[in-house]
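Fold and contact review
Here's the letter readout for the chains.
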Amino acid sequence: MTALKENIDWVGYVDWNIRDFHSYDTPRGATYNSYLIRDRKTALIDAVKAPFVDRLIRNIKELSELSKIEYIVCNHAEPDHSGGLPEMMKACTNATLLCNGKCREALSEYYETAAWKIEVVNPGTKIELGTRSLNFIDTPMVHWPESMFTYIPEDAILFSMDAFGQHLGTSVRFDDEWPLDDILLEAKSYYANIVNPYGRQVQKTLEAAAGLDIKMIASSHGVIWRSHIPEIIAAYKDWAGGKYVPKLLVFYDTMWDSTLRMTEAIVRGANSVSDAFDARSIHVRKTTLTRIAAEMIDAPAVAFGSATLNTQVMPQMAAVMTYIKGLKFRPKTSFAFGSSGWGIGGPELIRKWLEELKWNVIEEPLKARNRPTPEMLTRCAEIGAKLAQVAMEV
Ligand code: FEO
């Protein structure tokens, strides 16, 4: 356990071993953060994933009897936080669950809640604990409809559920105890993969939070922000606002190196424009969807190339296309290319997909038949340079 303040303690669980969080790649594990507040009344903020509820209970028991818990707040119904609630509501015999109306509905669909004491809270509701109070801010679609923050004004602590979180297992709990660049990298990945589809709602949430005195942001994943709050708020503003850096990502999959040769020509052409420009090739079978999304968030220009396999794109490119479509990135400048032996296939399907996304397609697809000719590679380099010039103007 770690104290955030006197009588406010982290009692969550570090899952060092998780590597796949519903398809989110978690090479360094994850945490499920719960917080125990002991005042004249005792409250728990959020539970943990169901398999780890015994550890949550063990941690709480080191500080308090379970019967002393009068409130359990559920900021977010997703089962990585609510999965432990059935056990907690059974074990904490005097507890009332605090959540908003949408959360109550979602919890009743996930669990048998008929026997639970539930009090619906709204913005404006104040739950007095003694010297402190719990206050609530609805944050719909950041990232589920029922998402909510809990705020303790007396300590200026914002319990922000998933927002500002990171999938990062650590032995320390605070942002000033771990390299900041590393935390921000994981926060960016978390934003891109989990929160990005709801950028406008994030901006509204940031506006609501701007009116609060915040000295600590205690998310439900990763480290707690206490020393670098301006940095994470600024980063969220950049990501939600669509701030770009001068770079081109060229995602590709290749069978017999034809699409690879085109990729290399595009990257070479883009990097010839300026030393300050960063064009990179990324083989989609040599990375993860999670890393692809994290790279996408601040890229103004993206090209996609695929060999043709049975009149389709290569299978992992299809997965990339599906994943990117769901994450609703802001429109980017884009280009489709690839190769085939005969018939239509990869490049045409990528072009169609880019049209569906309503992205700016700067050139018609380039398709090599079997091998790209030297003339086609020259054309690839020209298009790479054009992509770089457009990207640098954004
Ligand atoms: Fe950490 Fe949306 O759950």
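Residues numbered from 1 in each chain as written. Predicted model: local features only at pLDDT ≥ 70, side-chain atom pairs only at ≥ 80, totals over all residues. Heavy atoms only, no water.

**Focus: the nonpolar core**
- Counting residues in hydrophobic clusters, the biggest one holds 90 residues, and the most contacted among them are Ile-72, Leu-107, Phe-164, Phe-251 and Phe-304.
- Of the residues forming this core, the biggest block, eight residues, is contributed by helix α5 (residues 180–195).
- Formed by 24 residues, the second largest nonpolar core is a distinct cluster that contains Ile-45, Val-121, Leu-134 and Ala-218. (Core = buried A, V, L, I, M, F, W, Y, C linked by side-chain atoms within 4.5 Å. Buried < 20%, exposed > 50% of the residue type's maximum accessible area, 1.4 Å probe, protein only. Helix = DSSP H or I, 4+ residues; strand = E, 2+ residues; numbered from the N terminus.)

**Considerations on the pattern of salt bridges**
- Counted according to the given criterion, the structure contains 23 salt bridges.
- For Arg-28, the salt bridge is made with Glu-186, and the minimal N-O distance between the two is 2.8 Å. Residue Arg-28 is found in the loop between β5 (24–25) and β6 (30–32), and its partner Glu-186 is found in helix α5; the two are separated by 158 residues along the sequence.
- Overall, Arg-28 belongs to the partly exposed group, its relative accessible area being 31%.
- Glu-363 is the partner of Lys-386 in a salt bridge, and the nearest nitrogen-oxygen pair spans 2.8 Å. (Salt bridge = Lys/Arg side-chain N within 4 Å of Asp/Glu carboxyl O.)

**Details of the sheet that holds strand β13 (residues 133–138)**
- Reading across from one edge, β12-β13-β14-β15-β16 is the order of the five strands in this open sheet, with mixed pairing throughout. In the strand order of this sheet, the two ends are held by β12 (126–128) and β16 (216–218), each with one partner. Neighbouring strand axes in the sheet, compared pairwise and without regard to direction, differ in orientation by 25° on average.
- Examined bridge by bridge, strand β15 (residues 157–159) and β16 share three bridges and lie parallel to one another. Bridge pairing in β16 links Ile-157 to Met-216. (Pairing = 2+ DSSP bridges. Axes fitted to C-alpha atoms, helices over the stretch in contact; angles between N-to-C directions.)

**Observations concerning unusual backbone geometry**
- Note the cis peptide between Val-142 and His-143, where omega equals 10°.
- Note that His-143 resides in the loop between β13 and β14 (148–152).
- One non-glycine residue, Asn-7, adopts positive backbone phi at about 70°.
- Along the polypeptide, Asn-7 turns up in the loop between β1 (2–5) and β2 (8–10).

**Quick notes on the sheet that holds strand β7 (residues 35–38)**
- Reading across from one edge, β1-β2-β7-β8-β9-β10-β11 is the order of the seven strands in this open sheet, with mixed pairing throughout. One side of each edge strand has no neighbouring strand; the edge strands of this open sheet are β1 and β11 (118–120). Each neighbouring strand pair of the sheet contributes to a mean axis angle of 25°, computed without reference to strand direction.
- Examined bridge by bridge, β7 and strand β8 (residues 42–45) share four bridges and lie antiparallel to one another. If you follow Leu-36 over to β8, its bridge partner there is Leu-44.
- Sitting on the sheet, helix α4 (residues 101–110) is in contact with β10 (96–99) and β11, with an inclination near 120° to β10. (Contact = heavy atoms within 4.5 Å.)

**Thoughts on the packing of aromatic side chains**
- Using the criterion set out here, one finds 15 aromatic pairs in the structure.
- Consider the rings of Tyr-191 and Tyr-236, whose centres lie 5.0 Å apart with planes at 80°: the pair is edge-to-face. Of this pair, Tyr-191 sits in helix α5 while Tyr-236 sits in helix α7 (residues 229–241), and the two are 45 residues apart along the sequence.
- Looking at Tyr-236, the relative accessible area reads 1%, which means it is buried.
- Taken together, a centroid distance of 6.2 Å and an interplanar angle of 55° make the contact between Trp-353 and Trp-359 tilted. (Phe/Tyr/Trp six-rings, centres within 6.5 Å; stacked < 30°, edge-to-face > 60°.)

**Examining helix α12 (residues 374–393)**
- With 20 residues, α12 should cover 28 Å at 1.5 Å per step; its first-to-last C-alpha distance of 29 Å lies within 8% of that length.
- Taken together, the buried positions of α12 are Met-376, Cys-380, Ile-383, Gly-384, Ala-385, Leu-387, Ala-388 and Ala-391.
- Among the structural elements, β17 (247–253), α8 (258–271), β19 (301–309), β21 (333–340) and β23 (366–369) are those in contact with the buried residues of α12. (Expected span 1.5 Å × (residues − 1).)

**Section: the side chain of Asn-100**
- Here Asn-100 lies in the loop between β10 and α4.
- At a separation of 2.8 Å, a polar atom in the side chain of Asn-100 contacts the main-chain amide nitrogen of Cys-103.
- At a separation of 2.9 Å, a polar atom in the side chain of Asn-100 contacts the main-chain carbonyl oxygen of Glu-146.
- In this view, Asn-100 contacts Val-120, Val-121, Asp-138, Glu-146, Ser-147 and Met-148; residues no more than four positions away in its chain are not counted. (Polar contact = N/O pair within 3.5 Å; in protein donor to acceptor, adjacent residues only side chain to side chain.)

**Regarding the packing of α5 against α7**
- Two numbers describe how α5 lies on α7: the axes approach to 11 Å, and their chain directions differ by 35°. The two elements α5 and α7 meet at a crossing, and its hand is right-handed. Here Leu-180, Leu-184, Ala-187, Lys-188, Tyr-191 and Val-195 of α5 lie close against α7, whose contacting residues are Glu-231, Ile-232, Ala-235, Tyr-236, Trp-239 and Ala-240.
- When its residues are assigned to classes, the contact of α5 with α7 shows ten nonpolar, no polar and two charged. (Left-handed = near helix turned anticlockwise from the far one by under 90°. Nonpolar A, V, L, I, M, F, W, Y, C, P; charged D, E, K, R; others polar.)

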